Structures are given as structure tokens and as C-alpha cells.
Amino acid sequence: MSNIESATPVIVTQVTDDSSPSPKPGWRRWARGVGSLALVLAASAIAPAAEAFLLTSSFVSDRVLGYDETTGEFLGVFGDASSFDSPLLAPDGLTLGLDGNLYVSSFSSNQILQYNSRTGEFLGAFGEASNPDSGLTNPVGLTFGPDENLYVSSFGSNQVLRYDGSTGDFLGVFGEASGVGSGLINPDNLIFGQDGNLYVTSFGSNRVLRYDGTTGDFLGVFGEASNADSGLENPTGLTFGPDGNLYVASYVTDEVLTFDGTSGELLGIFGDASSTSSSLNGPISLRFGPDGFLYVSSSNFINQGDEDLISQVLRYDSTTGEFGGVVLDPENTNGLLSVPAGLVFVPEPSSVLGLLTLSILGLGGQFFRKRSRANLAGPK
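Because the structure is a prediction, the values reported are computed rather than measured.

A closer look at the packing of aromatic side chains
- What the rule picks out here adds up to 17 aromatic pairs.
- Ring centres of Tyr-211 and Phe-218 lie 5.4 Å apart, and the angle between their planes is 45°; on these two criteria the pair is classed as tilted.
- Consider the rings of Tyr-247 and Phe-270, whose centres lie 5.2 Å apart with planes at 85°: the pair is edge-to-face. Here the residue Tyr-247 occupies a position in strand 19 (residues 246-250), and Phe-270 occupies one in strand 21 (residues 266-274), the gap between them amounting to 23 residues. Taken as a pair, Tyr-247 and Phe-270 share a single burial class, namely buried.

Some thoughts on the nonpolar core
- Leu-54, Leu-65, Tyr-295, Val-313, Val-327 and Leu-328 are the most contacted members of the largest nonpolar core, which has 15 residues in total.
- Where this core is concerned, the elements lending two or more residues are strand 3 (52-58), strand 4 (63-68), strand 5 (74-82), strand 23 (293-299), strand 25 (323-328) and strand 26 (340-347).
- When sequence neighbours within four positions are dropped, the list of residues in contact with Leu-328 reads Thr-56, Tyr-67, Phe-74, Ser-311, Gln-312, Val-313, Thr-333 and Leu-337.
- Counting residues in each nonpolar core, the second largest holds 13 residues, with Val-64, Val-104, Tyr-115 and Val-344 among its members.

Focus: unusual backbone geometry
- Despite not being glycine, Asn-138 shows a phi value in the positive range, around 55°.
- As for its placement among the helices and strands, Asn-138 is situated in the loop between helix 2 (131-134) and strand 10 (139-144).
- With a phi angle near 60°, Asn-206 is a residue other than glycine that sits in the positive phi range.
- With respect to the helices, strands and loops of the structure, Asn-206 is situated in the loop between strand 15 (198-202) and strand 16 (207-211).
- Residue classification places Asn-206 among the buried positions, given a relative accessible area of 7%.

Conventions adopted
- Residues numbered from 1 in each chain as written.
- Predicted model: local features only at pLDDT ≥ 70, side-chain atom pairs only at ≥ 80, totals over all residues.
- Heavy atoms only, no water.
- Phe/Tyr/Trp six-rings, centres within 6.5 Å; stacked < 30°, edge-to-face > 60°.
- Helix = DSSP H or I, 4+ residues; strand = E, 2+ residues; numbered from the N terminus.
- Buried < 20%, exposed > 50% of the residue type's maximum accessible area, 1.4 Å probe, protein only.
- Core = buried A, V, L, I, M, F, W, Y, C linked by side-chain atoms within 4.5 Å.
- Contact = heavy atoms within 4.5 Å.

Set out below in C-alpha cells:
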């Protein structure tokens, strides 16, 4: 491995063939929160907009790949995030932790793995976030909550599990976020909304479900985000946009749907993000970039049929929805991109203040492996 630049994450550009943070004292949390607010305000006033690297998990090739969002250059495998250097098997969700590290859900090994987000160094499995200790089965989405804990969608067990964000200790199923409590079937991605509640895409039941962000009580289907009302079919990724609305990837219909972020009212298909207006085929993950575009990972791995396997990362203007072109595909990634899943932006550490703000806020296999994920959902 070698640094592309001194200020960039470590990227492996030559790939060979394939053959764990300390707890923080609880009494510091209040003080850290006050300090965080002051730092964020200062950063917004004086820090320039940070350039960023886009990382995407390549499910079939067991790697996390890097892309320079500013130059459009493919940077190769991110640090140790390959099956050769760490036990990464079918990587799916990506998120940045409160400690600034990269957290990756390893779908086939039932683990959450940690990497240094600047160097790519493998830091080990995160606490008890592994199958023997907590019942985590085929993890997909993951996010840090307002309580600083880690929430993970356990696709195979129909649950959302919670772990202490510092120690990784297993804290149990989050409230009623399970198949028993709310009808959650194959949870895919999850995100905390501006209202402090947790939103989860239920892949197997074609819905976006909402849970009280503190108690985990089931609050019902979010507005019209159900198959009957909106045409949402096998929802995968979801994210809140700069406009406060909720954007949801509808995998089977090859669309990104927009819902009012407060009422849940269906606002329609987002711009050109449909199979007839762009090359979108099987959207998986969504992420708004600092460049004003919505990035969408796309692959037809489940409903491939007679088609060739498609693996791409596309982008759309976040205001107009105009198609901005293909960012990554097998042709410009030396053949390494195969079924892109998670997406996350990592700011360049050229601004120390920007990195501090990021760490405080926490902004954050072979082909049959993914086939097995589709089979878990069963008939609709």
C-alpha cells in the first residue's frame, strides 16, 4: 500500500489475487456535546467546503473501493478493506463512526468491521457485533444514532440490533424493530430522521417503517411509503435530502422515489432516476455528496434474468434530478467493481477542523452470496 498523497486515504492500486476503540468515560458526554456545538458553529463560519472521497463496497469482489469525488479518478482498493487483508466477506453497508473510523457490515461473515478512515488500516471486528455474541445475521445497513450507539439491520433475522457506540457491547434488539414487533421483514437500510426517529426499509414487505428514536416503539408505515400507495417495491437505500425530504431506492422498479420528510406524502420519482431516463438498474444505496449530486449504487444482481450483470455508481443533480452520468463501473475500476452496495463520503484531511467536526457528528464472496440474500426474502 502507498499514499496517493499525504492528505489522502491509503489506497491500494495494485491488487493481488485472493487465495478492534476504547470506551470513553460517561461523565464526558455532556461536556463533549457542548464543545461539539461550539466547534460545529466555528467550522461552518470559517472552514472551507471539504473535498471528499467516495467509498463504495463491492459486494462480490469483497472489497471497498475509493473514488476521488473532485477529480473523478478511481483510486483502487481502500487500505486493508479486501478479503486478502481482513475477513471482509460480501461488504454491504458503510458508515463513519463518532471516532472517525469507517464501519463496514460484512454480510457473509456476520460481522461489523472497523477501518481507519484515513489510512485504511484494519482495526478488527467491532465489539460483540458478530453472530456468536448477538445473533447478527447478514448485516446490511448501519448507522450511529443520536445516543451515540450503533444500529445495524440484521437482514437474516428481521431485526434492528443496537450496540454501544464506544465499546461495541450488545444492547439488544431495538424496541419493536423486529419481525415480531412490527412486521419488519428483511430490514435493509436505516437512518435517523430530523425528528429523531429511526426509519428502516423493509425489503421483504415493500415499506418504510418508523420507530421512536428513543424507545424503539413502532410508529407505523411512514406516510405513503408502501407498495400499495406508491409503487415502492423491495426498498433498499434511503436518505434525507438537503430539502428535508426522504429519498428511497425502489429496487425492482428501478426508481428513486421522494416522500415529504414530514408527512410521508409521495412526491414522485426523483428527476431522471428511473430506468427509462438513465441507466439505473437495481438501485441499492443512496448518498448525497458535497458536490450537489445524489449518488446511487446500482446492480441488477437479484433480477438479472437474461441480462448481463450491471454494476455502476450513478449520480443525479440534487436540485433538478438531471442525470449526471456514470461515476464508477467495471470498465473504469480495472474490473474490480462488482455489485456496489454501500456508499459513504470521507472528507480529505486537508482541514483539521473539518475532520474534527466530522468525527464529532459521525456523519456519516461470490455471486451466489447475494443471491442468497434475495432468497431470504421469500415470496412477496
